Amino acid sequence: MPRPEGSVEKVREISVDPQPGGLRAVYLVETRSDDEAHEIDNLFAELQSQVQVLQLCEGKLVSYAVQAHESDAAVLDEIESFLKENFAFVVTQRSFDDLIYRIVTELSGNTGSKLHAVSRCNICGKVEPFPTTLVNMTREDGSVFLSRCYCASCTAEAAAPSNKEFIRSLLAADQRDFKKIARAELVRCPSRKQPMRFKVKDLS
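Parameters and conventions
- Residues numbered from 1 in each chain as written.
- Predicted model: local features only at pLDDT ≥ 70, side-chain atom pairs only at ≥ 80, totals over all residues.
- Heavy atoms only, no water.
- Helix = DSSP H or I, 4+ residues; strand = E, 2+ residues; numbered from the N terminus.
- Buried < 20%, exposed > 50% of the residue type's maximum accessible area, 1.4 Å probe, protein only.
- Contact = heavy atoms within 4.5 Å.
- Areas by Shrake-Rupley, 256 points an atom, 1.4 Å probe, with all protein chains shown as cover.
- Lys, Arg positive; Asp, Glu negative; His and termini not counted.
- Charge placed at Lys NZ, Arg CZ, Asp CG, Glu CD.
- Salt bridge = Lys/Arg side-chain N within 4 Å of Asp/Glu carboxyl O.
- Pairing = 2+ DSSP bridges.
- Axes fitted to C-alpha atoms, helices over the stretch in contact; angles between N-to-C directions.
- Core = buried A, V, L, I, M, F, W, Y, C linked by side-chain atoms within 4.5 Å.
- Expected span 1.5 Å × (residues − 1).
- Arc of directions from axis to C-beta.
- Phe/Tyr/Trp six-rings, centres within 6.5 Å; stacked < 30°, edge-to-face > 60°.

A. Inspection of the overall build of the chain at higher detail. Each helix and strand in the chain was counted, giving six helices and ten strands. By principal-axis analysis of the C-alpha atoms, the chain measures approximately 60 × 35 × 30 Å. Counting all 204 residues of the chain, 42% fall into the buried class. Here the analysis covers contacts within the chain between residues at least 6 apart in sequence; of these, 65% occur between residues at least 24 apart. For the chain, the exposed area adds up to about 10,900 Å²; of that, 48% sits on carbon and sulfur atoms. When the 26 basic and 30 acidic side-chain charges of the chain are each reduced to a single mean position, those positions are 11 Å apart.

B. How the structure looks around the pattern of salt bridges. Under the definition given, this model contains twelve salt bridges. Residue Arg 32 pairs with Glu 36 through a salt bridge whose shortest N-O separation is 2.8 Å. A relative accessible area of 58% means that Arg 32 is categorised as exposed. By sharing partners, the salt bridges in this structure join Asp 77, Glu 80, Lys 84 and Arg 94 into a single network.

C. Looking closely at the sheet that holds strand E9 (residues 185-188). Here five strands make up an open sheet; going across it, the order is E8-E7-E1-E10-E9 and the pairing antiparallel. In this open sheet, the two strands that pair with only one neighbour each are strand E8 (144-150) and E9. Between one strand axis and the next, the sheet turns by 25° as a mean value, whatever way the strands run. For strand E1 (residues 13-18) and strand E7 (residues 133-138), the ladder comprises six bridges, and the chain directions are antiparallel. Residue pairing across strands places Pro 18 opposite Thr 133, the latter belonging to E7.

D. Inspection of the nonpolar core at higher detail. Val 11, Ile 14, Val 135, Met 137, Ile 167, Leu 171 and Ile 181 are the most contacted members of the largest nonpolar core, which has 24 residues in total. Here Met 137 is in contact with Val 11, Glu 13, Ile 14, Ser 143, Val 144, Phe 145, Leu 146, Arg 148, Leu 171, Phe 178 and Ile 181, once residues within four sequence places are set aside.

E. Structural view of helix H3 (residues 98-110). Here H3 is 13 residues long and its end C-alpha atoms lie 18 Å apart, about the 18 Å a rise of 1.5 Å per residue gives. Along H3, the residues that are buried comprise Ile 100, Tyr 101, Val 104 and Ser 108. Angular distribution of buried residues about the axis of H3 spans 100°; they occupy a single face of the element. In H3, the exposed residues that point more than 90 degrees away from the buried face are Glu 106, Gly 109 and Asn 110. Those residues of H3 hidden inside the fold are in contact with strand E2 (23-30), strand E3 (52-58), strand E4 (61-68), strand E5 (89-93) and strand E6 (114-115). At the exit of H3 stands Gly 112, carrying a positive phi of roughly 70°.

F. Looking closely at the packing of aromatic side chains. Within this structure, the stated rule accounts for four aromatic pairs. Taken together, a centroid distance of 6.1 Å and an interplanar angle of 45° make the contact between Phe 96 and Tyr 101 tilted. Taken individually, Phe 96 and Tyr 101 each receive the classification buried, so the pair is uniform in this respect. Ring pairing ties together the aromatic residues Tyr 27, Phe 44 and Tyr 64, which thus form one cluster.

G. Spatial organisation of the pairing of E2. A large share of E2 lies buried, amounting to six of its eight residues. Relative to E4, E2 runs antiparallel, the two being bridged by eight bridges. Paired with Ala 25 across the bridge in E4 is Val 66. Of the strand pairs in this sheet, E2 and E5 are connected by five bridges, and their pairing is antiparallel.

Read these as spatial facts, not as claims about activity.
So this is what it looks like as C-alpha cells:
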C-alpha cells in the first residue's frame, strides 16, 4: 500500500472501490517442520482462486484470514476439516476481531514466528484484513499517491445521498486531515468500472 506522505495538493483524482463482503474465518496452525509450513502455505495459495486469503503470520505458527462469499461457505468447513485431520495443533474462528488478532500476535511472538502487517481502518483504527471500502488518490500522471481503507461500520456511518457526499463524509472522518480535499470541488469522471471516480479541483 502506498505510504501516506507528502502534500494533499498533489492529489488530482479520487476513486472509491467498494470491496465484496462475506463470511470470515481465521486459521492458526502450529507446525512441526518446514515441510508442514510449506504444505499449509500451498493449500492457501491454491484457495486464492475461490476465496480472499491474507496471511497473518509465518514460521512455527502459520495463520491465515479467509473471506468467502456466502455461497462458498462450505470451503471454510473443508479448510477446517483438512487442517484438523492433518495437523496436531489447530485453532479456528469463524470471524475476525481484535481478540483473535491479539491471540495470533501473542502466539506469533511466543513461537518466534513472523507477524505480517495487516491494514487498519483509517477512521476507527480497527484491524481490518478485508476492508469494505478502498479510496485511492492519484497524481496528475495517474500514479497512486495515497490509499485509505475503511471497515464496514465506518463505511455504513459515512452513508450519504450521493457518491460525492459519500466521499466527502469518509475523508472528513479520516484520522488524517483531509479537510482541504473534502471541501474541494469534485467533478465526476464517467467510468463503467469505477462509478465513484472524481477529478479534484480547486485545492487552494
